[in-house]
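Okay, here's what each chain looks like letter by letter:
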Amino acid sequence: ELQNANQHELIQCFYDSYRVSVGAINISISQSNSEAFSLLTGSGLDILLKKSIIPSDQNLPRLRLSSQVNAISIHLSRDSLIRLGLLIEKLRSDFESNSPH
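One structure accompanies this document, and this report is about it. The residue numbering used here restarts from 1 in each chain and proceeds along that chain's sequence as written. Local features in this predicted model are restricted to residues of pLDDT 70 or higher, and side-chain atom pairs are both shown and tallied only at a pLDDT of 80 or more, whereas totals for entire chains, interfaces and linings draw on every residue. The side-chain values count all of the structure's non-hydrogen atoms but skip hydrogen atoms and water molecules.

## What to know about the overall build of the protein
Part 1 of the argument: Along the backbone of the protein there are 2 helices and 3 strands.
Part 2 of the argument: Starting at the N terminus and ending at the C terminus, the protein contains elements arranged as α-β-β-β-α.
Part 3 of the argument: For 101 residues, the compact-globule estimate of 2.2 N^0.38 gives 13 Å, and the protein exceeds it by more than 25% at 22 Å.
Part 4 of the argument: Oriented by its inertia axes, the alpha-carbon framework of the protein measures out at about 65 × 40 × 20 Å.
Part 5 of the argument: Buried residues in the protein amount to 13% of all 101 residues.
Part 6 of the argument: Counting only carbon and sulfur atoms, one obtains 55% of the accessible surface of the protein, whose full area is about 8200 Å².
Part 7 of the argument: Residues scored as charged are limited to Lys and Arg (positive) and Asp and Glu (negative), so that His and the chain ends carry no count. Taken as the charge centre is NZ of Lys, CZ of Arg, CG of Asp or CD of Glu, depending on the residue. Averaging the positions of the 9 positive and the 10 negative side-chain charges in the protein gives two centres separated by 3 Å. Secondary structure elements are taken from DSSP: a helix is a run of H or I of four residues or more, a strand is a run of E of two residues or more, and numbering for both begins at the N terminus. In this description the radius of gyration comes from C-alpha coordinates, and the expected globular size is given by 2.2 Å times residues to the power 0.38. Only protein chains enter the area calculation, which uses a 1.4 Å probe; residues under 20% of their type maximum are buried, those over 50% are exposed, and those in between are partly exposed. The Shrake-Rupley method, run with a 1.4 Å probe sphere, supplies the accessible areas, and residue values consider only the shown protein chains as cover.

Structural data, given as structure tokens:
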């Protein structure tokens, strides 16, 4: 059977595979005095992680990762963009004031 396998199939024999599925993704942003707004929603994310069964082989990557987003919806409005900009500016200001000079 190995004689009939193509190179891709042979390479797959050198990896253990793990599949992770994440569903009902929702990213919302809120500040302490305002209502949260939904920025991004998606129906799911599929991740395939492959780990080499021969980690000492320098010709094979130790880890291979691939992912697929099933669907995604981005909610942008003038109000959400303004709030997102204010939040980014606040985070940047906080970061700069807390970083050593």
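Picking up after the structure, the text goes on.
## Some points on the packing of aromatic side chains
Part 1 of the argument: We call Phe, Tyr and Trp rings a pair once their centres come within 6.5 Å, taking the six-membered ring for Trp, and we label the pair stacked below 30 degrees between planes, edge-to-face above 60, and tilted otherwise. Scanning the model with the defined rule gives 0 aromatic pairs in all.
Part 2 of the argument: When the ring centre of Tyr 15 is taken as reference, the NZ or CZ atom of Arg 64 above it lies at 5.2 Å. Only when the NZ atom of a Lys or the CZ atom of an Arg is both within 6 Å of the ring centre and within 35 degrees of the ring normal do we say a charge sits over the ring.

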